[in-house]
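The lines below spell out each chain.
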Amino acid sequence: QLIKVWFRELPESVFGADRETGIVAPIVDGDFTTGAGCYEAMQGLPEPRRSTVRWLLELIGDVCRYESENRMTAQSMIIVFAPNLIVPRADLDPLSALQVNQHVVRFMELLFGHWNEVGGPATRITASTASPQVDPP
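Residues numbered from 1 in each chain as written. Predicted model: local features only at pLDDT ≥ 70, side-chain atom pairs only at ≥ 80, totals over all residues. Heavy atoms only, no water.

1. Structural notes on the packing of aromatic side chains
Point 1. Going through the model one piece at a time under the given rule, you end up with seven aromatic pairs.
Point 2. Linked through ring pairs, Trp6, Phe7, Trp55 and Phe81 together constitute an aromatic cluster. (Phe/Tyr/Trp six-rings, centres within 6.5 Å; stacked < 30°, edge-to-face > 60°.)

2. Focus: the side chain of Arg49
Point 1. As for its placement among the helices and strands, Arg49 is situated in helix α4 (residues 49–64).
Point 2. Classification of Arg49 by relative accessible area gives buried; the value is 9%.
Point 3. Side chain to side chain, Arg49 and Glu12 meet in a polar contact 2.6 Å long. (Helix = DSSP H or I, 4+ residues; strand = E, 2+ residues; numbered from the N terminus. Buried < 20%, exposed > 50% of the residue type's maximum accessible area, 1.4 Å probe, protein only. Polar contact = N/O pair within 3.5 Å; in protein donor to acceptor, adjacent residues only side chain to side chain.)

3. Thoughts on the environment of Met72
Point 1. Within the fold, Met72 resides in the loop between α5 (67–70) and α6 (74–85).
Point 2. Distance from Met72 to Ile60, taken between C-alpha atoms, is 9.0 Å for residues twelve residues apart in sequence.
Point 3. Excluding anything up to four places from it in sequence, Met72 contacts Val63, Cys64, Glu67, Met77 and Val80. (Contact = heavy atoms within 4.5 Å.)

4. Some remarks on the confidence of the model for the protein chain
Point 1. Counting all residues, the mean pLDDT for the protein chain is 83, and 80% of those residues have values of 70 or more.
Point 2. Low pLDDT (under 50) marks residues 127–137, which in the prediction has 17 contacts with non-local residues, meaning those over four places away or in another chain. (pLDDT = per-residue confidence, 0-100.)

5. A short note on the packing of α4 against α6
Point 1. Two elements in contact, α4 and α6, have axes separated by 9 Å at closest approach and are oriented at 150 degrees. The orientation of α4 with respect to α6, classified from their angle, is roughly antiparallel. Of the two possible hands of crossing, α4 and α6 adopt the one that is right-handed. In this structure, α4 uses Leu56, Leu59, Ile60, Val63 and Cys64 to contact α6, whose residues at the interface are Ala74, Met77, Ile78, Phe81 and Leu85. (Axes fitted to C-alpha atoms, helices over the stretch in contact; angles between N-to-C directions. Parallel < 35°, antiparallel > 145°, perpendicular 65-115°, else oblique. Left-handed = near helix turned anticlockwise from the far one by under 90°.)

6. Observations concerning the nonpolar core
Point 1. Counting residues in each nonpolar core, the largest one holds 31 residues, and the members touching the most others are Phe15 and Met108.
Point 2. When residues of this core are traced back to their parent elements, those giving at least two are α2 (26–29), α3 (35–43), α4, α6 and α7 (94–119).
Point 3. Sort the elements by how many residues they give to this core and α7 lands first, with nine residues. (Core = buried A, V, L, I, M, F, W, Y, C linked by side-chain atoms within 4.5 Å.)

7. Observations concerning the side chain of Thr52
Point 1. Within the fold, Thr52 resides in helix α4.
Point 2. In terms of polar contacts, Thr52 uses its side chain to reach the backbone carbonyl oxygen of Pro48, at 2.8 Å.
Point 3. Not counting the four nearest positions on each side in its chain, Thr52 is found in contact with Trp6, Phe7 and Val14.

Right, dumping it as structure tokens:
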């Protein structure tokens, strides 16, 4: 709960418009269908946003390693955090704001899947088991 509040209280949302330039991160407006595309978009985020997303990916991986004890899957973690990564524009109607949140959830699911397979920690989280697989050195 505390981490969700921290994300919500950031001066700028992680995937929101840049305060100085007004440019919206491509995550909100992009049409991503692959984890690799999501990873490239994440790499284009300015610091400290990029590092914050990497930290969140690591946190999701760490929590999911103990899925058998805490019942938190990567998808569950992403659904919990996604609404706090973007603050929809004030002029959006509730349905449009929900669609923005769903877009961020999908983006994060693809990004985590890609990060978990190619760029994540030395242990990967598998969908079929909570036990981590150790990658060979």
